[in-house]
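# Analysis of the macromolecular model
As a plain string of letters, each chain reads:
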Amino acid sequence: MRTNDALATSVPRAVDARLYHEPDVFAEEQRRIFRGPVWSYVALEAELEGPGAFKSTFVGDTPVVVTRDQEGALHAWVNRCAHKGALVCRAPRGRATDGSFVCVYHQWAYDAQGNLRGVPFRRGLKGVGGMAQDFDLAQHGLRKLRVANLCGMLFLSFDEKAPPLEQFLGEAMCYYIRRVFNRPIRVLGYARQNMRGNWKLYSENSRDGYHGGLLHLFYPTFGIYRPSQESAGEVDEVGFHSAFTVSKPSQTDGYENYQREANREMSGASAGAEMLRDPSVLTFRPEFDDNIALLIQSLFPSVVLQQIQNTLATRQIVTRGVAETELVWTYFGYADDDEAMTRHRIRNINLVGPAGYISMEDGEAVELCQQGTAGADGWSSFVEMGGTDVVPKVAPIGLDENAVRGFWTGYFALMKGAAEVLP
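Model, not experiment: these values are computed from the prediction.

## A closer look at the environment of tyrosine 20
- As for its placement among the helices and strands, tyrosine 20 is situated in the loop between strand 1 (14-16) and helix 2 (23-34).
- Classification of tyrosine 20 by relative accessible area gives buried; the value is 3%.
- Considered as a pair, tyrosine 20 and valine 303 are 283 residues apart in the sequence and their alpha carbons are 19 Å apart.
- For tyrosine 20, the contacting residues outside a window of four places in its chain are Val15, Asn198, Lys200, Leu201, Glu204, Val322, Gln370, Thr373, Ser381 and Trp408.

## Notes on the sheet that holds strand 9 (residues 116-118)
- As summarised here, the arrangement of the three strands in space is 7-8-9, forming an open sheet in which the pairing is antiparallel. Either end of the sheet is taken by a strand with one partner, and the two such strands are strand 7 (100-102) and strand 9. Shown here is a sheet whose adjacent strand axes are inclined to one another by a mean of 40°, direction ignored.
- Two elements, strand 8 (residues 109-111) and strand 9, share two bridges in a ladder whose sense is antiparallel. Of the residues in strand 9, the one forming a bridge with tyrosine 110 is leucine 116.

## Focus on unusual backbone geometry
- Each neighbour pair has its own omega, and for phenylalanine 300 with proline 301 the value is 0°, a cis peptide bond.
- By secondary structure assignment, the location of proline 301 is in the loop between strand 15 (292-299) and strand 16 (303-308).
- Put simply, alanine 395 and proline 396 share a cis peptide bond, and its omega is -5°.
- Mapped onto the elements of the fold, proline 396 is located in the loop between strand 20 (393-394) and helix 11 (402-415).
- Even without being a glycine, lysine 126 presents a positive backbone phi close to 55°.

## What about the domain arrangement of the chain?
- Looking at the assigned domains, one finds that the chain contains domain 1 (40-148) and domain 2 (164-421).
- Computed over C-alpha atoms, the centres of domain 1 and domain 2 are 35 Å apart.
- On the side of domain 2, 15 residues touch domain 1, which itself brings 12 residues to the contact.
- Buried surface at the junction of domain 1 and domain 2, summed over both partners, amounts to about 1200 Å²; 57% is from carbon and sulfur atoms.
- By the criterion of area lost to domain 2, the three top residues of domain 1 are Tyr41, Leu44 and Phe58, representing 43% of everything that side buries.
- The interface formed by domain 1 and domain 2 holds zero salt bridges in total.

## Re the pattern of salt bridges
- A complete count under the given rule lists 19 salt bridges for this structure.
- The shortest N-O distance in the salt bridge between arginine 192 and glutamate 326 comes to 2.8 Å. Highlighted residues: arginine 192 in strand 12 (residues 185-195) and glutamate 326 in strand 18 (residues 324-334), separated in sequence by 134 residues.
- Because the salt bridges share partners, they merge into one network encompassing Asp16, Arg18 and Asp377.

Basis of the calculations
Residues numbered from 1 in each chain as written. Predicted model: local features only at pLDDT ≥ 70, side-chain atom pairs only at ≥ 80, totals over all residues. Heavy atoms only, no water. Helix = DSSP H or I, 4+ residues; strand = E, 2+ residues; numbered from the N terminus. Buried < 20%, exposed > 50% of the residue type's maximum accessible area, 1.4 Å probe, protein only. Contact = heavy atoms within 4.5 Å. Pairing = 2+ DSSP bridges. Axes fitted to C-alpha atoms, helices over the stretch in contact; angles between N-to-C directions. Domains from an automatic or database assignment. Buried area = accessible area lost by both parts, 1.4 Å probe. Salt bridge = Lys/Arg side-chain N within 4 Å of Asp/Glu carboxyl O.

Spelled out as structure tokens, the structure:
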């Protein structure tokens, strides 16, 4: 395939379906994006409490580990033994009490910084075998990565050319991160979701306010999000990142008003929407200095930061293949939450996640698009809802694809020049 230079240097109005299916495109994305000049979210600092703490995860398809050394400093490295390429760290998270990480295959040992500290039989045995005399431990450590911390969100970069993290994110995106992480947090739990679809389909989905009140019937039915509510969408200068905010509904609104703005009735409801038997799952307890009840912040290339009612979470996007994506949900609250607030947040989690009342349909939508675009040679999706450009801020959301066009603008800026793979 060949690149379309006009598309690569301007705002896309359509997206070639082959971008979701071509293995060569996926491989090039790993090199130019995930291992390119960007910052990828990997963990919350609260997941690495104390010396020796670690978390293993992925950036794109590359296994990585973020660690805290005995002095408390953070480090990151590729989880690939310098000897045979085996995974060094096999646990998802934990604490290395002695600060070392040992490959199970041949027992090569590394410290928390990724330095090689020991090789069995390095000098051989009784004059037989062993490494060459000039074998230097310092030259065979793990590949070290840049690590940056913004308010307790940890990001990694493979590329020295990546700008400082706050510059990469931009002022508006940093504002929303600081808004959520305004004080110490506590991790409440995890969920993992596998989708048989390309990672970019989910990246589009999280930036697509158009589908919010249409696909997710729970939103308008129970007043969490309706087109008439005050809302706004912001996109950074490049187009990489976006943030949707929705203010809490009026206290005078009721189920009847919610139903009038729904586009179809809930399945099984014979006469309008059925009220929940336990409406406490919908309770919103304002805890910020604004009226925002919903925040969906999509940070390129691989994380969504959310506040839906009182549910706080990160959603890390892990690319498992050209047609497979894993979404890792990390739920958290604040360290100073009392027991009642913690119980409320956990109850609120029923709204989101792989089986959440709201978000379960997203995975299905991703899979339907992956299936429907298979073999669609020469066919492109349509992204002109609300215009053909990218504007910094729109209001209200739900009537445009501004942030989707922003994503593709940033995507093509990084992929520009990949003439051998781009359609």
